Amino acid sequence: MHSPKPASRPASNRSPSRWIPRWATAAVVALPILASIGLAEAAPVTFSASGANPAAIQGQVDAFRAALGGLNPNLAGSAGTGRREINWDGVPDARSVPNPLPADFFNTTSPRGVVFATPGTGFQVSANPGSGAPVEFGNINASYPGYFATFSPQRLFTALGSNVVDVDFFVPGSTTPALTRGFGAVFTDVDLANTTSLAFFDVNNLLLGSFFAPPGLTGSESLSFLGVDFGTAVISRVRITSGNSALGPNEAGGIDLVVMDDFIYGEPIARAATVPEPGTLALFGSAVAGLVALRRRPGKAGESTGAHT
Ligand SMILES: [Ca+2]
Ligand SMILES: [Ca+2]
C-alpha cells in the first residue's frame, strides 16, 4: 500500500516540480479527472432476490424494470430508451419442445435485438401443458418438473449440451451490432452459491464485471433473480452460466441444474450511436484545452516552487 502523500511540503524542500514543464504538471491534474469519468460510467447497480415463489423476487424484478424504463413493443428498430423482455411463453409449439429454438428467433421471427450462442448443441424452450410433451424439461429427464418452476407460466429456456448461453445484442431486426445498459434473468432452482452468474463484456470483449445469482434457499423449484444496470449502453455481450452442468443427469452428487425464465434488458442501441458519448467528449475536450492553455503560458523566471494547485 502507498502511504498518503502530505497535503503540503515544508518550504525548505526543493520541489522536483521545478524541473518539470508546467504542462506535465497539468497532465497529472487532468488524468485523474479523466479516470474518474471512466469510473463513473462503469459503476453498475445490481438487483437480486430469491425465494420459494414469484412474489419473493417480484419487487427486485420490478425495480430493475423501472431502472431500465418502459417496455418497448416487439418491433424492429431501436427505440433508443426503455427495455425489452423475453418470457418465452409466446414461443409457438413448433419452436418449443421437442423442437429446438433457432438462435436468432428473437431478432428475426420476433425482433427483440438478441441472438444466442452456446458451446453446446443448441437451445430449447420448454413445453406448454396440453402440447402433449412433458413440461419444465421433463422431456430431457422425467425428474426435472420436480426441480424447476416458472416465474412467468409456462415456458422456460435452456441451452442443450452446455450450461452456458451467450447473448449478443443487435438493433432489433437487423445485423447492426448494438449495446445495452443492463441485463437481468430469472433462474429456477439455484442451489449453490457463487455458481450461477451473469458476466458482462464491452465492445472490445473486455470483462466489465461478473455477478452471481443468489441461491433459492428453499430446496427445489425456487426462483432467483439477478439484474445489473450499468447506467449507460456499454454491454456488447452477456455470458449466462446456469448451475454447473448441462441438463441430462439427475441432480445429485454436487450437480446443480438451473434453467432460465424471463430475460429483461435495456433497449439495444447501435454501437455507432453510443460511442463516444457527447458528455465524455466535452469533458475530455475541456481537459485537453486546459493542458494546451497551460503549455502555451510562458513560465515565470526564477520561480522556485512550481504549481501545486
Ligand atoms: Ca416463462
Ligand atoms: Ca438446481
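Residues numbered from 1 in each chain as written. Chains lettered and ligands numbered in written order. Predicted model: local features only at pLDDT ≥ 70, side-chain atom pairs only at ≥ 80, totals over all residues.

### What about the sheet that holds strand β3 (residues 114–117)?
Within a sheet, adjacent strands bond to each other through the backbone by hydrogen bonds, running parallel or antiparallel.
Piece 1. A sheet is described by the order of its strands in space; here five strands give the open sequence β3-β6-β12-β9-β10, paired in antiparallel fashion. With partners counted over all chains shown, the strands left at the sheet margins are β3 and β10 (207–212), one partner each. Strand-to-strand twist across the sheet, computed as the mean angle between neighbouring axes with direction ignored, equals 20°.
Piece 2. The pairing of strand β9 (residues 197–201) with strand β12 (residues 237–241) spans five bridges and is antiparallel. Bridge pairing links Phe201 to Arg237 in β12. (Pairing = 2+ DSSP bridges. Helix = DSSP H or I, 4+ residues; strand = E, 2+ residues; numbered from the N terminus. Axes fitted to C-alpha atoms, helices over the stretch in contact; angles between N-to-C directions.)

### Let's talk about the environment of Ala193
Piece 1. Mapped onto the fold, Ala193 is located in the loop between β8 (182–188) and β9.
Piece 2. Considered as a pair, Ala193 and Phe212 are 19 residues apart in the sequence and their alpha carbons are 7.5 Å apart.
Piece 3. When residues no more than four places from it in sequence are discounted, the contact partners of Ala193 are Phe212 and Pro215. (Contact = placed C-beta atoms within 7 Å.)

### Brief notes about the pairing of strand β11 (residues 223–229)
Piece 1. Among the seven residues of β11, seven are classified as buried, and the element is accordingly described as predominantly covered.
Piece 2. Of the two faces of β11, the one lined by Leu223, Phe225, Gly227 and Asp229 and the one lined by Ser224, Leu226 and Val228 are each fully buried.
Piece 3. Bridge analysis of strand β1 (residues 45–51) against β11 gives seven bridges, and the strand direction is antiparallel. Pairing of Ser50 across the sheet is with Ser224, part of β11.
Piece 4. Where β8 and β11 come together, seven bridges link them in antiparallel fashion. For Thr188, the partnering residue across the bridge sits in β11 and is Leu223. (Buried ≥ 20, exposed ≤ 12 C-beta atoms within 10 Å, placed from the backbone.)

### Brief notes about helix α2 (residues 54–68)
Piece 1. The terminal C-alpha atoms of α2 lie 20 Å apart, and with 15 residues this matches the ideal 21 Å at 1.5 Å per residue to within 8%.
Piece 2. Buried within α2 are the following residues: Ile57, Gln60, Val61, Phe64 and Leu68.
Piece 3. Considering only its buried residues, α2 is in contact with β1, β2 (83–86), β8, β11 and β13 (259–266).
Piece 4. Gly69 sits one or two positions beyond α2 and adopts a positive phi of about 115°. (Expected span 1.5 Å × (residues − 1).)

### What about the nonpolar core?
Looking at soluble globular proteins, one finds that nonpolar side chains tend to be buried together.
Piece 1. Ranked by internal contacts, the top residues of the largest apolar core, which has 61 residues, are Ala185, Val186, Leu198 and Met260.
Piece 2. What Ala185 contacts, discounting residues up to four positions off in sequence, is Leu198, Leu226, Ile240, Met260 and Phe263. (Core = buried A, V, L, I, M, F, W, Y, C linked by C-beta atoms within 7 Å.)

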